[in-house]
Amino acid sequence: MSKKHILLVNDIAGYGKVATAAMLPILSYLGHPVYNLPTALVSNTLDYGKFNILETTDYIKGVFPVWKELGFIFDAIATGFMASERQAKLVADYCREQAERGTTIFVDPIMGDEGKLYNGVTAATINSMREMISVADLTFPNYTEACYLTSSKYDEKGVSFEEAKRLLDGLRLIGTKSAMITSILVDGTPSVVGYNHATDKYFTLPYTEIPVHFPGTGDIFSAILIGHLLDGEELIPSTQKAIDGVYKLIDLNKDNKDKKNNQDNKNNNNGQGQPERQPSQPQDRDNQQNNENNGGNPEGRQQGELSPEQINRILNAISNEEKKTQEKINAKKIKGKASRTDRKDW
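Trainee: Hey, could you go over the overall build of the protein chain for me, with residue numbers and the actual values?
Mentor: Scanning the protein chain from N- to C-terminus turns up 10 helices and 11 strands. Out of the 346 residues in the protein chain, the part that is buried amounts to 53%. Long-range contacts, defined here as pairs at least 24 residues apart, represent 72% of the contacts in the protein chain between residues at least 6 apart. Within the structure as shown, the protein chain displays about 15,100 Å² of accessible surface, and the carbon and sulfur contribution to it stands at 50%.

Trainee: Which residues make up the side chain of serine 84, and what values go with them?
Mentor: Structurally, serine 84 is set in the loop between strand S4 (76-79) and helix H3 (85-99). Within the local environment of serine 84, its side chain forms a polar contact with the backbone nitrogen of glutamine 87, the two atoms lying 3.0 Å apart. If near-sequence neighbours (up to four positions away) are discounted, serine 84 is found in contact with Glu55, Thr57 and Ser128.

Trainee: How would you summarise a negative patch on the surface if you had to cite specific residues and measurements?
Mentor: On the surface, Asp155, Glu156, Glu163 and Asp187 cluster together into a negatively charged patch. Locating glutamate 156 in the fold gives a position in the loop between helix H5 (143-150) and helix H6 (161-174).

Trainee: Break down the packing of helix H7 (residues 217-230) against helix H8 (residues 235-253) for me, with residues and values.
Mentor: Viewed as axis vectors pointing N to C, H7 and H8 meet at an angle of 145 degrees, and their least axial separation amounts to 8 Å. Of the two possible hands of crossing, H7 and H8 adopt the one that is right-handed. Counting all contacts with H7, which are made through Thr217, Ile220, Phe221, Ile224, Leu225, His228 and Leu229, the residues of H8 involved are Leu235, Ser238, Thr239, Lys241, Ala242, Ile243, Gly245, Val246, Leu249 and Ile250. Considered class by class, the residues forming the contact of H7 with H8 number 11 nonpolar, five polar and one charged.

Trainee: So, H7: which residues are in play, and what are the values?
Mentor: Taking 1.5 Å of rise per residue, 14 residues should cover 20 Å, and H7 covers 20 Å from first to last C-alpha, within 8% of that figure. Across the 14 residues of H7, 14 count as buried, placing the element largely inside the fold. Just past H7, the residue glycine 232 takes up positive phi, approximately 95 degrees.

Trainee: Outline the side chain of threonine 176, listing residues and values.
Mentor: Take threonine 176: it is sitting in the loop between H6 and strand S9 (178-186). Setting aside chain neighbours within four positions, we find threonine 176 in contact with Ile133, Ala136, Asp137, Leu138, Thr139 and Leu171.

Trainee: Before we move on, can you summarise the confidence of the model for the protein chain with the specific residues and values?
Mentor: Averaged over every residue, the pLDDT of the protein chain is 83; the share at 70 or more is 75%. With pLDDT under 50 throughout, residues 269-305 is counted as low confidence; its partners more than four residues away or in other chains account for 153 contacts. Every residue in residues 333-342 is under pLDDT 50, and counting partners more than four places away or in other chains gives seven contacts.

Trainee: Explain the pairing of strand S11 (residues 201-206) to me, and be specific about the residues and the numbers.
Mentor: Both strand S10 (residues 189-196) and S11 contribute to a ladder of six bridges, which runs antiparallel. Residue tyrosine 195 lies in a different strand from S11, and its bridge partner there is tyrosine 202. Count of turn residues in the S10/S11 antiparallel hairpin: four residues, of which aspartate 200 carries a positive phi of about 55 degrees.

Trainee: How would you summarise the sheet that holds S11 if you had to cite specific residues and measurements?
Mentor: Sheets are built from strands that pair by backbone hydrogen bonding, the pairs being arranged parallel or antiparallel. On the basis of which strands lie adjacent, the open sheet formed by nine strands has the order S3-S2-S1-S4-S5-S8-S9-S10-S11 and mixed pairing. Of all strands in the sheet, those bounded by a partner on one side alone are strand S3 (53-55) and S11. Relative to strand S2 (residues 34-44), helix H2 (residues 57-70) is tilted by about 170 degrees, and along the sheet it contacts strand S1 (6-15), S2 and S3. Against the sheet, H8 engages strand S8 (138-139), S9, S10 and S11, with an angle of about 20 degrees to S11.

Trainee: How would you summarise the pairing of S4 if you had to cite specific residues and measurements?
Mentor: Side chains Ala76 and Ala78 of S4 all project onto a buried face; the interleaved residues Ile77 and Thr79 project onto the opposite face, where all are buried too. Of the strand pairs in this sheet, S1 and S4 are connected by four bridges, and their pairing is parallel. Residue pairing for S4: leucine 8 is matched across the bridge by alanine 78. The pairing of S4 with strand S5 (residues 104-107) spans four bridges and is parallel. Within the sheet, the bridge partner assigned to isoleucine 77 lies in S5 and is isoleucine 105.

Trainee: How would you summarise unusual backbone geometry if you had to cite specific residues and measurements?
Mentor: Positive phi is not limited to glycine here, since alanine 19 has a value of about 50 degrees. With respect to the helices and strands, the residue alanine 19 is situated in the loop between S1 and helix H1 (20-29). Non-glycine residue aspartate 187 carries a positive phi angle of around 50 degrees. Within the element layout of this structure, aspartate 187 appears in the loop between S9 and S10.

Trainee: I'd like a rundown of the packing of aromatic side chains, residues and numbers included.
Mentor: If you walk through the whole model with that rule in mind, you get seven aromatic pairs. Look at tyrosine 15 and tyrosine 48: their rings are 6.2 Å apart centre to centre, the planes differ by 80 degrees, and that puts the pair in the edge-to-face class. Placement of the pair is tyrosine 15 in strand S1 and tyrosine 48 in the loop between S2 and S3, with a sequence separation of 33 residues. Judged by centre distance (4.0 Å) and plane angle (5 degrees), the rings of phenylalanine 64 and tyrosine 94 are stacked. A residue pair is termed long-range when its members are at least 10 positions apart, and phenylalanine 64 in helix H2 and tyrosine 94 in helix H3 qualify at 30 residues. With relative accessibility at 7%, the residue tyrosine 94 sits in the buried group. Cluster of aromatic residues (ring-pair linked, three or more members): Tyr35, Phe64, Trp67, Phe74 and Tyr94. The side chain of lysine 165 reaches across the aromatic face of tyrosine 202, ending 5.0 Å from its centre. The positively charged end of arginine 172 is found above the aromatic ring belonging to tyrosine 195, 3.8 Å away from the centroid.

Thresholds, definitions, all that
- Residues numbered from 1 in each chain as written.
- Predicted model: local features only at pLDDT ≥ 70, side-chain atom pairs only at ≥ 80, totals over all residues.
- Heavy atoms only, no water.
- Helix = DSSP H or I, 4+ residues; strand = E, 2+ residues; numbered from the N terminus.
- Buried < 20%, exposed > 50% of the residue type's maximum accessible area, 1.4 Å probe, protein only.
- Contact = heavy atoms within 4.5 Å.
- Areas by Shrake-Rupley, 256 points an atom, 1.4 Å probe, with all protein chains shown as cover.
- Polar contact = N/O pair within 3.5 Å; in protein donor to acceptor, adjacent residues only side chain to side chain.
- Patch = residues over 30% accessible without salt bridge, like charges linked within 9 Å, V, L, I, M, F, W, Y side chains within 5 Å.
- Salt bridge = Lys/Arg side-chain N within 4 Å of Asp/Glu carboxyl O.
- Lys, Arg positive; Asp, Glu negative; His and termini not counted.
- Charge placed at Lys NZ, Arg CZ, Asp CG, Glu CD.
- Axes fitted to C-alpha atoms, helices over the stretch in contact; angles between N-to-C directions.
- Left-handed = near helix turned anticlockwise from the far one by under 90°.
- Nonpolar A, V, L, I, M, F, W, Y, C, P; charged D, E, K, R; others polar.
- Expected span 1.5 Å × (residues − 1).
- pLDDT = per-residue confidence, 0-100.
- Pairing = 2+ DSSP bridges.
- Phe/Tyr/Trp six-rings, centres within 6.5 Å; stacked < 30°, edge-to-face > 60°.
- Lys NZ or Arg CZ within 6 Å of the ring centre and 35° of its normal.

Structure follows, in structure tokens:
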């Protein structure tokens, strides 16, 4: 099977393995050639309260004509953080143009969690993300982001499945074909809910929540999901693999000493009521899976940087979890029903 070329349009953080830095190695591990276009250079993840950011809109404006002249095209584009409405319009126009050539567009509208916007995210960002979703084949906001995007009321107690369907319909009205909402309580159960436009059906996938915060798990979720969709797998099995993979990673690292130290630091820096940029659900939104304690690190790695051993553990865990999930899918698959790789089944 030929692998799909994917462009990541997202920010790059100097301190913290998040966004592009989190997604690129996983998609590469899954065999897809990966390219990147930074929307911003950020000093550190936004949950620290203080940060410096360099918007790259003018750079992006100059990139697209060069790529067009050189004939660069991509099978898929995955967008994340947008630094301004002007930038979002520029990227959305490019995505729309590429979509007409058959490029698949994935949109992760990174804005907030737990009912609040992240530090540095403004009301203008909501319009920017609506612009991006208008050109999406698939978008997957978390519950907070879905509420902001559809001007719906956020309820920390969660929603019923019927209410979740209305949120999905609100996203579809913005323009996306298929939609999912992550980190949402549906009838009291942590879930991912979705609508598949290819089948015209809604679905819900419950999961077990591990009550710890891990930055970057949302980006890992996105990478696993997109990687399998680009391999021609259907939406629900791909989503389940992403859920299972992230759960396994959190479970493997939940007791890390460095994890506990990092969480204490985040709690100390989160005293003004601003939400951290990472939910406790598997669909989390920042930094990379956890790391060795810097004080006991003979190689002098910074806190937040993965060791080679940890990278191997993560990749092996993803691979093992995928094999288990695929075995379950194969066991239930109707005889004679082949996997479709020649069209989008979601």
